[in-house]
Structure formats: C-alpha cells, structure tokens
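Chain residues, written in single-letter form:
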Amino acid sequence: MWLTRVVLVLVVSYYCVCSVYGKKYETRCKLVRELLRVSVPNDLFLGQWVCLIEKVSNRNTSAYTVSPSGKKFYGLYQIPSKWCKLQKPGGDCNIKCEDLLDDDIRDDTACAVKIYHQEGFKYWTVWTTRCKNDNFITNEIYKCPDLRFSLDRSSPVNTQPQNRHGIHKRSENSSLHSILKRSILQALQSHRVEEQSRHIN
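Predicted model, so just to flag it, every value in this text is computed and none were measured. (Residues numbered from 1 in each chain as written. Predicted model: local features only at pLDDT ≥ 70, side-chain atom pairs only at ≥ 80, totals over all residues. Heavy atoms only, no water.)

**Considerations on the overall build of the chain**
Right, on to step 1. The helix and strand tally for the chain stands at eight helices and three strands.
Right, on to step 2. Reading the helices (α) and strands (β) of the chain from amino to carboxyl end gives α-α-α-β-β-β-α-α-α-α-α.
Right, on to step 3. Counting across all 201 residues of the chain, residues that qualify as buried make up 31%.
Right, on to step 4. The contacts of the chain with a sequence gap of at least 6 include a subset with a gap of at least 24, amounting to 54%.
Right, on to step 5. Accessible surface, the chain as shown: approximately 13400 Å² in total, 55% of it carbon and sulfur. (Helix = DSSP H or I, 4+ residues; strand = E, 2+ residues; numbered from the N terminus. Buried < 20%, exposed > 50% of the residue type's maximum accessible area, 1.4 Å probe, protein only. Contact = heavy atoms within 4.5 Å. Areas by Shrake-Rupley, 256 points an atom, 1.4 Å probe, with all protein chains shown as cover.)

**Things to note about the state of the cysteines**
Right, on to step 1. Inspection of the entire model under this criterion finds four disulfides.
Right, on to step 2. Across a sulfur-sulfur distance of 2.2 Å, cysteine 29 and cysteine 144 are joined as a disulfide pair. Since a negative S-S torsion denotes a left-handed disulfide, the cysteine 29-cysteine 144 link at about -85 degrees is left-handed. In this pair, cysteine 29 sits in helix α2 (residues 28–37) while cysteine 144 sits in the loop between α6 (136–141) and α7 (145–153), placing the two residues 115 residues apart along the sequence.
Right, on to step 3. A disulfide bridge connects cysteine 51 with cysteine 131, and the sulfur atoms are separated by 2.1 Å. Given an S-S torsion of about -95 degrees, the disulfide between cysteine 51 and cysteine 131 has left-handed geometry. Of this pair, cysteine 51 sits in helix α3 (residues 46–57) while cysteine 131 sits in the loop between α5 (125–130) and α6, and the two are 80 residues apart along the sequence.
Right, on to step 4. When the bonded cysteines of the chain are numbered from the N-terminus onward, they pair as 1-8, 2-7, 3-5, 4-6. (Disulfide = S-S within 2.5 Å.)

**Remarks on the sheet that holds strand β3 (residues 79–80)**
Right, on to step 1. Within the open sheet, the three strands sit side by side as β1-β2-β3. Their pairing is antiparallel. Edge strands, defined here as strands with exactly one partner in the open sheet, are β1 (64–66) and β3.
Right, on to step 2. Two strands pair when backbone bridges link them, and β1 and strand β2 (residues 72–74) are joined in this way by three bridges, in the antiparallel orientation. Bridged to valine 66 within β2 is lysine 72. (Pairing = 2+ DSSP bridges.)

**What about helix α4 (residues 106–119)?**
Right, on to step 1. Helix length check: α4 (14 residues) gives 20 Å between terminal C-alpha atoms against 20 Å at 1.5 Å per residue, within 8%.
Right, on to step 2. The complete set of buried residues in α4 reads Asp108, Thr109, Cys111, Ala112, Val113, Ile115 and Tyr116.
Right, on to step 3. Here the buried face of α4 lies against α3 and β3.
Right, on to step 4. At the C-terminal side of α4, glycine 120 shows a positive phi close to 85 degrees. (Expected span 1.5 Å × (residues − 1).)

Bear in mind that shape data such as this cannot, by itself, settle questions of function.
Take a look at the structure:
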C-alpha cells in the first residue's frame, strides 16, 4: 500500500514539475508565430493545426490527459502514448513522452506532422467533430501580423524564378523580346528601303 502511495506521489510531482516548464499560448497569433518559427509549412493546413491544438489542449504545451480506458495523451497536440515512451526515446516517433510536455514544441510538431502524414487529421477524433469543414479559425489566423508578413514576402514579384545572376527571368525574357522586336523592325525597314530602291531604278 505504501509503495502505491509513493508511486502516486512521484507521478503527481513529476507532472507538476512538467507543468512548470510548460507553456500556454495566450492568443492564436502567438501560437501561429511559434508554429511558423518551428517551420510548420504554411501550405500544410496551418489553420487546421491551430484549430486542432485549441480543441485538444487549449494551446497548452503541458496538457496531459488520461482517458477512462487508461490511454494517455501528451502535450500541445495530445499525442497518444503509442508514439512515445516514458523516460527514454521510443514509440513510433522515437521520443520521450516527457519531452512532449515542455515548452519546446519542435519535437512535438515533428511527431504530429508524422502522424498527419501517416493517418491524416482524422487520427484526432476531435478534429473530425470540431475542426473539419470549419474555416473560421483559418480565416482568423490570416489576420495575424506574422502570417500577413509571411504572405507579403511570398508575393508573385518575389517568387519569380531567377537565373544564376539573380535576375528575374521575366525581366530577362522581356529584354530579349524587345531586342528581337527591334531586330525584326530594322529588318523590315531595310527590306522596304531595298524595295523602294529597286522601283526607283
């Protein structure tokens, strides 16, 4: 009996310590900034990730839940215990479960993206019931300054393919087109002069 109490105290103490080192993102925009910082691709349904995180963990990196069946879920993305292992790297993501509870979300995100590529968002049942076909959060996050700045940097002007000299191909092609046009006009003009000379002679 005393051993059970000791183990329980240690477990509770452990998760209390983890919660100290965890972090809660107070706003969506702060979460978006962090997701961009850890290189979540903007074209990988960023709005859906934000929605998922809000619904499963309330943007809290130290979130830890246990289902009635005893299944454990860890961190910002509420990753199930089959993807990690306690005290040492393991599981399908080869990561320690403890590392999913701190404020460094790089490993959490890498694991979540791996789950997404293997299973899709439907792996998280909460996403299916509360995020699927709902674009409200997606529309909201595009009001965030960091995301607007990111979109401005990827404007069509700056994404034109460049040659090895760093010159936009469109500009290069425009210059070439102008040269060809002038050459054709000069050739036509010369031809007309020759024709006029023949008629005069």
